[in-house]
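# Overview (structure and organization)
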Amino acid sequence: MVKFSKQFEGQLIPEWKEAFVDYTFLKKDLKKIHLNNDNTNKNQKNSFFSPFKKLSLFGHQHREHGVIQVHKRLASSASKGDLYETELLEQFADTDAAKEFFSRLDHQLNKVNQFYKAKEKEFMERGGSLEKQMEILVNLKQKLKQQRGQPGFAQDIKEDASLSCCDEDSIRGTLHQVEVQDAGSDLERKEEQLTESPAKSGEIATPMKIKREDSKSSRSLSGRHVVNCQGRNVRINIPLTTPTRTLSAIGDLVWEDLVVPSKKCSPARSKQVQVNKTKVHHAEKMIRGAFVELYKGLGYLKTYRNLNMLAFVKILKKFDKVTEKQALTIYLKVVENSYFNTSDKVVKLADEVEELFVKHFADDDRRKAMKYLKPRHRKESHTVTFFIGLFTGCFIALFAGYIIMAHIAGMYTRRSDTVYMETVYPVLSMFSLLFLHFFLYGCNIFMWRKTRINYSFIFELAATKDLKYRDVFLICTTSMTAVVGIMFVHLSLIAKGYSSSVIRAIPGVLVLLFLLLLMCPFNIVYLSSRVRFLRVIRNIVLTPLYKVVMLDFFMADQLCSQVPTLRNLEYVACYYITGSYQTQDYGFCMRTKNYRDLAYAVSFLPYYWRAMQCARRWFDEGDTGHLINLGKYVSAMLAAGAKVAYEKEKSMGWLALVVVMSSAATVYQLYWDFVKDWGLLQFGSKNPWLRNELMLRRKSIYYFSMVLNLVLRLAWLQTVLHSNFGGLDVRVMSFFLAALEVIRRGQWNFYRLENEHLNNAGKFRAVKSVPLPFHEVDDQD
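Structural notes, computed from the coordinates.

Thresholds applied
Residues numbered from 1 in each chain as written. Predicted model: local features only at pLDDT ≥ 70, side-chain atom pairs only at ≥ 80, totals over all residues. Heavy atoms only, no water. Helix = DSSP H or I, 4+ residues; strand = E, 2+ residues; numbered from the N terminus. Buried < 20%, exposed > 50% of the residue type's maximum accessible area, 1.4 Å probe, protein only. Contact = heavy atoms within 4.5 Å. Areas by Shrake-Rupley, 256 points an atom, 1.4 Å probe, with all protein chains shown as cover. Patch = residues over 30% accessible without salt bridge, like charges linked within 9 Å, V, L, I, M, F, W, Y side chains within 5 Å. Salt bridge = Lys/Arg side-chain N within 4 Å of Asp/Glu carboxyl O. Lys, Arg positive; Asp, Glu negative; His and termini not counted. Charge placed at Lys NZ, Arg CZ, Asp CG, Glu CD. Core = buried A, V, L, I, M, F, W, Y, C linked by side-chain atoms within 4.5 Å. Axes fitted to C-alpha atoms, helices over the stretch in contact; angles between N-to-C directions. Parallel < 35°, antiparallel > 145°, perpendicular 65-115°, else oblique. Left-handed = near helix turned anticlockwise from the far one by under 90°. Nonpolar A, V, L, I, M, F, W, Y, C, P; charged D, E, K, R; others polar. Disulfide = S-S within 2.5 Å. Phe/Tyr/Trp six-rings, centres within 6.5 Å; stacked < 30°, edge-to-face > 60°. Arc of directions from axis to C-beta. Polar contact = N/O pair within 3.5 Å; in protein donor to acceptor, adjacent residues only side chain to side chain.

Scanning the chain from N- to C-terminus turns up 31 helices and six strands. The buried share of the chain, reckoned over its 781 residues, is 47%. Taking the intrachain contacts of the chain between residues at least 6 apart in sequence as the baseline, contacts between residues at least 24 apart amount to 75%. As displayed, the chain offers around 40000 Å² of accessible surface, 60% of which is attributable to carbon and sulfur atoms.

Positive charge collects at one region of the surface, where K3, K6, K28, K31, K314, K317, K318, K321 and R697 lie side by side. Elements with a contribution of two residues or more to the positive patch: α2 (23-43) and α9 (277-323). For the positive patch, the element with the most residues is α9, which contributes four residues. Mapped onto the elements of the fold, K6 is located in helix α1 (residues 4-11). For K6, a relative accessible area of 54% corresponds to the exposed category.

Counting 80 residues, the largest nonpolar core has W16, F101, F102, L105, Y304, Y331 and F774 as the members making the most contacts within it. Broken down by element, the residue count for this core peaks at 20 residues, all from α9. Ignoring any residue separated from it by four or fewer positions in sequence, one finds Y304 in contact with I13, W16, A19, F20, K111, V112, F115 and Y116.

The contact between helix α16 (residues 425-450) and helix α18 (residues 469-495) brings their axes to 8 Å, and the two run at 165°. The angle between α16 and α18 falls in the class roughly antiparallel. As for how α16 packs across α18, the hand of that crossing is left-handed. Between α16 and α18, the residues in contact are L428, F431, S432, F435, F438, F439, Y441, G442, C443, I445, F446 and R449 and Y469, V472, F473, I475, C476, S479, M480, V483 and M487, respectively. Among the residues forming the contact of α16 with α18, the class breakdown is 17 nonpolar, three polar and one charged.

With the rule as written, the count across this model stands at one disulfide. Across the disulfide, C574 is cross-linked to C589 (sulfur-sulfur distance 2.0 Å). On the S-S bond that ties C574 to C589, the torsion sits near -105°, and the link is left-handed. Note that C574 is positioned in helix α23 (residues 563-577) and C589 in helix α25 (residues 588-591), a separation of 15 residues in sequence. Exposure class is identical for C574 and C589. Each is buried. Cysteine C476 shares no disulfide, and the gap to the nearest cysteine sulfur, in C443, comes to 8.7 Å. On the basis of relative accessible area, C476 is assigned to the buried category, the value being 5%.

This part covers the packing of aromatic side chains. Overall, the coordinates contain 41 aromatic pairs when judged by the stated rule. A ring pair is formed by F101 and F102, whose centres lie 5.2 Å apart and whose planes are at 80°; its orientation type is edge-to-face. Taking the relative accessible area as the measure of exposure, F102 reaches 1% and is therefore buried. With centroids separated by 6.1 Å and ring planes inclined at 70°, the aromatic side chains of W448 and F459 adopt a geometry described as edge-to-face.

Attention now moves to helix α13 (residues 366-373). The periodicity of an α-helix, 3.6 residues per turn, causes residues three or four places apart in sequence to face the same way. For α13, the full list of buried residues reads A369, M370 and L373. For α13, the buried positions fall inside an angular range of 100° around the axis, keeping them on one side. Every exposed residue of α13 that faces more than 90 degrees away from the buried side is listed here: R367 and K371. Taken together, the buried residues of α13 touch α9 and α12 (345-361). For α13, the N-terminal capping position is held by D365, with its side-chain oxygen 3.2 Å away from the main-chain nitrogen of R367.

Here we come to the pattern of salt bridges. Applying the stated criterion across every chain, the model contains 22 salt bridges. Of the charged contacts in the structure, one is a salt bridge between D29 and R104, with a shortest N-O distance of 2.6 Å. In this pair, D29 is assigned in helix α2 and R104 in helix α4 (residues 95-149), connecting sequence segments 75 residues apart. In this structure D29 comes out as buried when scored by relative accessible area, which is 3%. Residue classification places R104 among the partly exposed positions, given a relative accessible area of 24%. Linking R617 and E621 is a salt bridge whose minimum nitrogen-to-oxygen distance equals 3.6 Å. A residue pair is termed a helical-turn pair when its members lie 3 or 4 positions apart in one helix, as R617 and E621 do in helix α26 (residues 593-621) at four residues.

A few words now on unusual backbone geometry. Here the phi dihedral of D364 falls at roughly 60°; this positive angle occurs in a residue that is not glycine. With respect to the helices and strands, the residue D364 is situated in the loop between α12 and α13. Taking the relative accessible area as the measure of exposure, D364 reaches 60% and is therefore exposed. Even without being a glycine, V525 presents a positive backbone phi close to 55°. Structurally, V525 is set in the loop between α20 (506-518) and α21 (527-541).

On to a negative patch on the surface. A contiguous patch of negative charge, built from E131, E135, D351, E352 and E355, is present on the exposed surface. Among the secondary structure elements, those contributing two or more residues to the negative patch are α4 and α12. One can find E352 in helix α12. Residue class for E352 comes out partly exposed when judged on its relative accessible area of 41%.

Looking now at the environment of N629. Relative to the assigned elements, N629 resides in helix α27 (residues 625-649). For N629, a relative accessible area of 7% corresponds to the buried category. Apart from residues no more than four positions distant in its own chain, N629 is found in contact with R610, C614 and W672. A polar contact of 3.4 Å, which involves the side chain of N629, links it to the side chain of W672.

Take the side chain of S432 next. If you trace the backbone, S432 turns up in helix α16. We classify S432 as buried; its relative accessible area is 18%. Apart from residues no more than four positions distant in its own chain, S432 is found in contact with M480 and F735.

Next up on the list: the packing of α9 against helix α10 (residues 328-336). In contact at an axis separation of 10 Å, α9 and α10 are set at 165° when each is read in the N-to-C sense. If you check the angle between α9 and α10, you find them roughly antiparallel. Classified by chirality, the crossing of α10 by α9 is right-handed. Residues M309, F312, V313, L316, K317 and D320 of α9 touch α10, and the partners they reach there are L328, Y331, L332, V335 and E336. In terms of residue class, the contact of α9 with α10 is made up of eight nonpolar, no polar and three charged.

Spelled out as structure tokens, the structure:
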């Protein structure tokens, strides 16, 4: 049977861990009481009065007056609510240990009540805001229906008092405003839960309110639309998260400035403008997402209440068992009557959210609504595990056969077949590095789940569609089995003397098949994950035009470790597209100037994309730390460019430049890895050289990772030393170095998300803060 402490740790919300009952420390206090009781019983075993202590008279008095009394007093601020203090009425064997236990228990009860009350207030304010947003959305949709059915409706807008539209001259950058508001909201929530000051208690979740904005706001490109709904001027804010919205907003602004010089909402202009259907559709999607997140948060709060109530029951039962006192009934009655257990606002709000969602977003179909509000997680099948083992065995057997055949043919030595190494090896190297990286991502998912890091929330992935680690391992083993199998057949044909153009085209066809499978529009082979991957790649390529989220810059960092793969892909594309494979002229691409220039671009494109992401985040958030991070990727770009130039020229001048630029970039990167990304090297921490909060119990793992990261960062020295092992081809050595960089990135991924998780947990963020589309404005705006 699993212990309750394990169940408790496995079911609590990771981001709210600090707000739950500290069950572990309470158990430690009970152990102290138990040890002290044992020592006291041994000392009093031969005492003269010990038999009289068990008389019914004493027991009756204890049952009548009880062993403890819990006092309730008002807190200094209204936001804290009632505070509880326990007084010991009976002489315990060890009064100090018992006082320490009940003091900690009172602190836990007060903490749970305060956190529950703060979160309940936050969700109630969100619910009130969403109800108002829903009313506005319903009215706008009704007007849209009237516009569709009445061709002359635009001429009657002025006469209808419920809705009048005009363009807005005062426009602000929605993205920057939303992020600043979210950061302020998180700070206010944290102060509410820790200090509970009255001034902050009324400011929780202010971004979710319909706020009245200043009429003197500055101009920007958010493309807002103002309507008058039920006597209130309401502005529709659609965040500029895509290039389409950005360019559309710029076009609207240019049209307003150049074509429509009038800035005021005149009656004649009101007649010409109708409700914007696209903006209303986007507003509906935003509100629906906010409802889903609110319902998820309410579910978390219910779990929080139930788990804490069960923890109080369990720990009080243990106390009664250890001390042989009857404190459970007395204290549990207080817990049952406390705020977090008696308040029913969360249950009522959850019912209201369900009703509104069913009515407005599911066409009165409750089953359809529950698919959004309570999505079912995919069950992990044993079939997946079976095929992982099957394809792993096939891969090992085929890979062993390929190595033996390649060794017999002498393909990977310095005297190897130049044509094979120049044309086929890049394909195998590219797939190997790619799926090694993917395999390490599966290992990361396994470790994130084991350490309770909510990677789905951090990456904003759908819980029902995100890849599990078994899925990742299945994709890796299946793909590499196919790749090595085809390479084995191809090498067998080459070794037997077949050299037709069809045989030489096999590696190129293999690459083409994988690309077609990646872009296949049919619902096969993890369609949702493939679509998400392509969208992220699109966002990276068009970085300045897209709002940068966690998944985007996380994937861009992975591309920085896959520069050799990108260069191999460039060469393979050139070799097969130009038809060089038919003549086996593998040097044609190297002699082409456009190819050589493109090689420079490919070498530092991932660093350029990452630098542009830092610039966009600085523009959106105003944090100068992103500019410092941008400098790290600029130094990496310069080092990569110097390395490519050295590979071409092989002169001492370029070698010296490679050493200088790579050394500077390495120092920059090591500092950022340890201090910023990992949050390590903190001298004032309770853990020497590490951060205060750690997800792994063994600190030695962190020290080992730091040393390993340092060693792997210095892998570029191979470019200077030119060391070879066992007469291997220089391309094979380059592959090993690239694999070491992929391994370094794999371990970095775990610590990067650990740092992000601890930041979320410090701010108690377990659900997303979705910006709402409708904001109230003054009449003069």
